[in-house]
Amino acid sequence: MSTNLTDEGRKELDGILFEGYKGWHDNIAERLTISHLEKLAALGQYDRGVVLAYVRRERSEDSVKSYIKILDQFERAQKSALGSSASINGS
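Conventions we followed
- Residues numbered from 1 in each chain as written.
- Predicted model: local features only at pLDDT ≥ 70, side-chain atom pairs only at ≥ 80, totals over all residues.
- Heavy atoms only, no water.
- Buried < 20%, exposed > 50% of the residue type's maximum accessible area, 1.4 Å probe, protein only.
- Helix = DSSP H or I, 4+ residues; strand = E, 2+ residues; numbered from the N terminus.
- Arc of directions from axis to C-beta.
- Polar contact = N/O pair within 3.5 Å; in protein donor to acceptor, adjacent residues only side chain to side chain.
- Salt bridge = Lys/Arg side-chain N within 4 Å of Asp/Glu carboxyl O.
- Expected span 1.5 Å × (residues − 1).
- Core = buried A, V, L, I, M, F, W, Y, C linked by side-chain atoms within 4.5 Å.
- Contact = heavy atoms within 4.5 Å.

Peer 1: It is not clear to me how helix H3 (residues 48–58) should be interpreted in this structure. Could you clarify?
Peer 2: Think of an α-helix as turning once every 3.6 residues; residues three or four places apart then point the same way. Turning to H3, its buried residues number three or more, namely Val51, Leu52, Tyr54 and Val55. Summarising the axial view, the buried residues of H3 lie within an arc of 160°, below the 170-degree limit, and thus occupy one face. Where H3 begins, the capping side chain belongs to Asp47, and its oxygen is found 2.8 Å from the backbone nitrogen of Gly49.

Pasting the structure below:
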């Protein structure tokens, strides 16, 4: 799979793959997965499609469903945080 990820971005993607696999039933793994997603986003390298393509290479489609739930949660939190900072900056 060809991406524009740096080595650090690939490391976070590997963490997402490793922790997210357990995230659907393990709160600690879910938090660790979100932490990896936050780091990937901070690097400016978060792309939902890339994450899911990477996951699909290694996991079953049933497993992908748990990743989608975690990604949805992460993205909602990101949008909420952006909305909060916009409110603070706009005040």
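From this point, things continue past the structure.
Peer 1: Would you mind showing me how to read the pattern of salt bridges here?
Peer 2: A side chain with one charge can pair with a side chain of the opposite charge if their charged atoms come near. Applying the stated criterion across every chain, the model contains 4 salt bridges. Here Asp72 ties to Arg48 by a salt bridge, and the two come within 2.8 Å at their closest N and O atoms. In this pair, Asp72 is assigned in helix H4 (residues 61–90) and Arg48 in helix H3, connecting sequence segments 24 residues apart. We classify Asp72 as partly exposed; its relative accessible area is 27%. Here Glu61 and Arg56 are joined by a salt bridge, their closest N and O atoms 3.1 Å apart. Taken together, the salt bridges that share partners define one network made up of Arg48, Asp72 and Glu75.

Peer 1: Whenever I open this one, helix H2 (residues 27–42) confuses me. Can you help?
Peer 2: With 16 residues, H2 ought to run about 22 Å at 1.5 Å a step, and its terminal C-alpha atoms sit 22 Å apart, in line with that. Restricting attention to buried positions, one finds in H2 the residues Ala29, Glu30, Thr33, Ile34, His36, Leu37 and Leu40. The arc enclosing the buried residues of H2, seen along the axis, measures out at 155°, which places them on a common side. Facing away from the buried side of H2 by over 90 degrees, the exposed positions are Asn27, Ile28, Arg31 and Ala42. A positive backbone phi angle near 75° is found at Gly44, which sits one or two residues after H2.

Peer 1: Looking at this structure, I do not really get the nonpolar core. What am I missing?
Peer 2: Considering soluble globular proteins, one finds that nonpolar side chains tend to be buried as a cluster. The biggest cluster of nonpolar side chains holds 16 residues, and the ones touching the most others in it are Leu13, Ile16, Leu37, Leu40, Val51, Val55 and Tyr67. Residue assignment for this core shows that the elements contributing at least two residues are helix H1 (7–23), H2, H3 and H4. With 5 residues, H4 is the largest single contributor of residues to this core. With residues up to four places along the chain from it excluded, the contact list for Leu40 reads Leu5, Gly9, Glu12, Leu13, Ile16, Gln45, Tyr46 and Val51.

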